[in-house]
Amino acid sequence: MAAFLPTMRVAAILLAAGQGRRFSAQTASPVAKQYLTLGGRPVIRHAADALIPHVQILQPVGERASLDGALSGLRTAGDATADGCTILDCVPGGETRQESVRAGLEALDRLPETQKPDLVLIHDGARPYVPAEVTRAVIDALSAHAGAIPGVPVADTIKRVRDGVITDTVPRTDLYRAQTPQGFRFGLLRDLHRGAAASDATDDAALLETAGHHVAMVAGSEDNIKLTYKEDLVRLERLIGPTLLPRTGLGYDVHAFAEGRPLILCGITVPHTRGLAGHSDADVGIHALCDAIYGALAEGDIGRHFPPSQNEWKDADSARFLVHAGERIRARGGMLINADLTLICERPKIGPHAQAMRERLADLLQVGVDRISVKATTSERLGFTGREEGIACTAAVSVLVP
Ligand code: MG
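Residues numbered from 1 in each chain as written. Predicted model: local features only at pLDDT ≥ 70, side-chain atom pairs only at ≥ 80, totals over all residues. Heavy atoms only, no water.

1. Description of the overall build of the chain
Thought 1: For the chain, the count of helices and strands is 13 helices and 19 strands.
Thought 2: Taking 402 residues into account, the globule formula puts the C-alpha radius of gyration at 21 Å, and the chain, at 30 Å, lies well above it.
Thought 3: Taken along its principal axes, the extent of the C-alpha atoms in the chain is 95 × 55 × 40 Å.
Thought 4: Looking at the chain residue by residue over its 402 residues, the buried ones come to 47%.
Thought 5: Taking contacts inside the chain between residues at least 6 apart in sequence as the whole, the part at least 24 apart equals 72%.
Thought 6: Accessible surface, the chain: about 19,200 Å² in total, of which carbon and sulfur atoms supply 52%. (Helix = DSSP H or I, 4+ residues; strand = E, 2+ residues; numbered from the N terminus. Rg over C-alpha atoms; globule rule 2.2 N^0.38 Å. Buried < 20%, exposed > 50% of the residue type's maximum accessible area, 1.4 Å probe, protein only. Contact = heavy atoms within 4.5 Å. Areas by Shrake-Rupley, 256 points an atom, 1.4 Å probe, with all protein chains shown as cover.)

Shown next, in the form of structure tokens:
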């Protein structure tokens, strides 16, 4: 078998032509199910990502604009992905699943002789979560069989029902639910699809069965879910992760200068003649940043979480406020994309301390320093900051939240 696999060219036909009528009827979704976003990527993109490591050619079948969008960025060099899988231009699908498979097979058959695949996998674009071992088992089984498909044993008792009444209990001992990717010798499947029986088959394995070829059943996976009903989306979100949406927050804070206090800005002590007045340590930078984060989460402001009326927070190290804000993002299952702070003052000069401030804020938020920006401006000697009566700070953040 080891000698068999490396010499074989494997192509995958990725089917995206289905309308998903059961799913649309149930959810009233204007988006076809294979293009829904799951864990930040379209369903069909997950399917493509799962197949690509196992094949040398990927042939998408479906509507061009949607497919090109969903698969954009996969090609890194010419037509190929980073790991050398050639992604062919998509071809339009047909009225039925079998017509769409046929369209994919004919497109592969138009490749120059040296590039034609030996083996072909047919995969539903609405099955985003294919464990690698399932795809490997299908390809491996093709060394001994003309076709191979993954399946899982039927666990439930099966009843035949007529007019709402059970007429029969079907023995389930050797019943399996068929999944994809289904794998075949390319030339054989192409020829069977060109034959008369093709339109009657419910899947590609059935074509081979009817023609008397052996089709192997290999172990599928209960996680290899076909998105068919609304409940499937909930199960897939548990496997792949929820859909994260971007949210933005703005914060603004001001503190007046005061004699005899250290100047704490963005979590570090900055040498200066005066500090800032306030109930806590008056870190105007961290306060603005906390408010931006609470704002993005729509969880009020810093005063709601740490009321100045409580003596507990007198002269408090504002670092703990920011740690709390960061914890709130994680508790919501989200992540900080970036934060951008602007300190507004004539003095002290912020530039020499900006890098230390970025590092401190990133540390408190448990994110990379590249996500945090600290910059400063003067107000051209205008207004209270211009008269050096105090320091102001603005902050903008973006977060991703389920
Ligand atoms: Mg404040």
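2. Details of the coordination of the magnesium ion
Thought 1: At the metal site, the magnesium ion is ligated by Asp253 (OD), His255 (NE2) and His287 (ND1), and these contacts range over 2.1 to 2.3 Å.
Thought 2: Mapping the donors of the magnesium ion onto the primary sequence yields the spacing D-x1-H-x31-H. Remark: His287 occurs in helix α9 (residues 284-296) and Asp253 occurs in strand β13 (residues 245-258); sequence separation between them is 34 residues. Side by side, Asp253 and His287 carry an identical accessibility label, which is buried. (Donors = N, O, S within 2.8 Å, 3.2 Å for Na, K, Ca; no water.)

3. Here's the deal with the packing of helix α4 (residues 97-109) against helix α6 (residues 186-194)
Thought 1: Where α4 meets α6, the closest approach of the two axes is 10 Å, and the angle between their N-to-C directions is 130°. In this view, α4 runs oblique relative to α6, as classed from their interaxial angle. In this structure, the crossing between α4 and α6 has a hand that is left-handed. Along the contact surface, α4 presents Gln98, Val101, Arg102, Leu105, Glu106, Leu108 and Asp109, while α6 presents Phe186, Leu189, Arg190, His193 and Arg194.
Thought 2: Along the lines of polarity and charge, the residues of the contact of α4 with α6 split into 5 nonpolar, 2 polar and 5 charged. (Axes fitted to C-alpha atoms, helices over the stretch in contact; angles between N-to-C directions. Parallel < 35°, antiparallel > 145°, perpendicular 65-115°, else oblique. Left-handed = near helix turned anticlockwise from the far one by under 90°. Nonpolar A, V, L, I, M, F, W, Y, C, P; charged D, E, K, R; others polar.)

4. Remarks on the environment of Leu119
Thought 1: When you line up the elements, Leu119 lands in strand β6 (residues 119-124).
Thought 2: Put simply, Leu119 and Ile139 are 20 residues apart on the chain and 8.1 Å apart in space, counted from C-alpha to C-alpha.

5. What to know about the sheet that holds β13
Thought 1: Pairing in this open sheet of 5 strands is mixed, and the strands run β16-β13-β19-β17-β18 from one edge to the other. A strand with exactly one partner marks an edge of an open sheet, and here the two such strands are β16 (275-276) and β18 (372-377).
Thought 2: Judged from the 2 bridges that link them, β13 and β16 form a sheet pairing that is antiparallel. Bridging across to β16, Ala258 finds its partner in Gly275. (Pairing = 2+ DSSP bridges.)

6. Describing the environment of Thr385
Thought 1: Secondary-structure assignment places Thr385 in helix α13 (residues 383-386).
Thought 2: In sequence terms Thr385 and Gly104 are 281 residues apart; their C-alpha atoms lie 67 Å from each other.
Thought 3: With residues up to four places along the chain from it excluded, the contact list for Thr385 reads Ile344, Glu346, Ser379, Gly390, Ile391 and Ala392.

7. Quick notes on unusual backbone geometry
Thought 1: At the junction of Thr180 and Pro181, the peptide bond is cis and its omega measures out at 10° in the coordinates.
Thought 2: Among the structural elements, Pro181 can be located in the loop between β10 (176-178) and β11 (182-185).
Thought 3: Going from Arg347 to Pro348, the amide bond is cis rather than trans, its omega being 0°.
Thought 4: Although it is not a glycine, Ala282 sits at a positive phi angle of roughly 65°.
Thought 5: Looking at the element boundaries, Ala282 is found in the loop between β16 and α9.
Thought 6: With a relative accessible area of 0%, Ala282 lands in the buried category.
Thought 7: A positive phi angle is found at Ala298, which is not glycine, with a value near 55°.

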